[in-house]
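Fold and contact review
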Amino acid sequence: SQGSLLVRHYVDNRRPQLAVLLDTDAGAYHNPDEDFEVAVSAAASIAISAMGDRQPIAVRSGGEALMGQGQRASRSDVLDRLTLAQTTPRGDLVGQVIEMLQGELGTSALALITGAAKTEDLMRIVSLARRSVRVIVIRVYSPGDGREAPVPRAIGLDVSSLTEFKIGWDRIAS
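Below you will find a few notes about this structure. Everything quoted here is computed from the prediction, not taken from an experiment. (Residues numbered from 1 in each chain as written. Predicted model: local features only at pLDDT ≥ 70, side-chain atom pairs only at ≥ 80, totals over all residues. Heavy atoms only, no water.)

**Structural notes on the packing of aromatic side chains**
What counts is decided by this rule: Two aromatic rings, drawn from Phe, Tyr or Trp (for Trp, its six-membered ring), form a pair once their centres lie within 6.5 Å of each other, and the interplanar angle then sorts them: stacked below 30 degrees, edge-to-face above 60, tilted otherwise. In this scheme, a residue with accessible area under 20% of its type's maximum is buried, one over 50% is exposed, and one in between is partly exposed, where area comes from a 1.4 Å probe on protein chains only. Strands are runs of DSSP state E lasting at least 2 residues, helices are runs of H or I lasting at least 4, and numbering of each runs from the N terminus.
Scanning all chains against the criterion turns up two aromatic pairs. Pairing Tyr 29 with Phe 36 gives two aromatic rings, centres 5.5 Å apart and planes at 80°, and the pair type is edge-to-face. By the burial criterion, Tyr 29 is buried, and Phe 36 matches it. Taking the centre distance of 5.9 Å and the plane angle of 25° together, the rings of Phe 165 and Trp 169 count as stacked. Taken as a pair, Phe 165 and Trp 169 lie in helix H5 (residues 162-173) at a separation of four residues, close to a single helical turn. Trp 169 sits in the buried class, given a relative accessible area of 13%.

**Digging into the packing of helix H3 (residues 93-103) against helix H4 (residues 119-128)**
Where we set the bar: Interaxial angles span 0 to 180 degrees and are taken between N-to-C directions of axes, which are lines fitted to C-alpha atoms, for helices over the stretch in contact. Small angles under 35 degrees read as roughly parallel and large ones over 145 as roughly antiparallel, with 65 to 115 read as roughly perpendicular and the rest as oblique. If you view the pair so one helix is near and one far, a crossing is left-handed when the near helix is turned anticlockwise from the far one by less than a right angle, and right-handed when it is turned clockwise. The contact criterion used is simple: two residues touch if any of their non-hydrogen atoms lie within 4.5 Å. When residues are grouped by polarity, Ala, Val, Leu, Ile, Met, Phe, Trp, Tyr, Cys and Pro land in nonpolar, Asp, Glu, Lys and Arg in charged, and all others, Gly among them, in polar.
H4 packs onto H3 with a crossing angle of 20° between their chain directions and a minimal axis gap of 9 Å. Judged by the angle between their axes, H3 and H4 are roughly parallel. You can see that H3 and H4 cross each other, and the crossing is right-handed. For the pair H3 and H4, the contacting residues are Leu 93, Val 94, Val 97 and Ile 98 in the first and Asp 121, Leu 122, Arg 124, Ile 125 and Leu 128 in the second. A class-by-class count of the residues in the contact of H3 with H4 yields seven nonpolar, no polar and two charged.

Right, here's the structure in full:
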């Protein structure tokens, strides 16, 4: 009737927030030079796409926050920062994910971009992520390299080129 107020209960009106973590551990990539370049390009592609859709996003390169709730950035800032990304001798992927999820409390999806990170580490990451966080594991391999087993309870995307990534990401995102 006229003048009535309708109140909707139990409606989740939060926008999804995407967190992107680029694994910088050189040991995770069979061919660090080429595979890491594809990984960086994939991270940049996801970030720019989300920003274009005005979707809240956080991006980390290894242990370094590039943008997020506490650090705003423009498209060119993110691209510039990712251009400077380099592999490191050793990284703590599980610790980096924990730190990211603790700092980005609204995260609803985590895109983890790595090479052949240990399946045990990836399984631990999936189990540590909050139930509300959808984990997407993007593994970059050189053409012809053997593939790792799928990670249970995670969405998997194995790629060896940016073209393969785009096709797979479009399938996941739709």
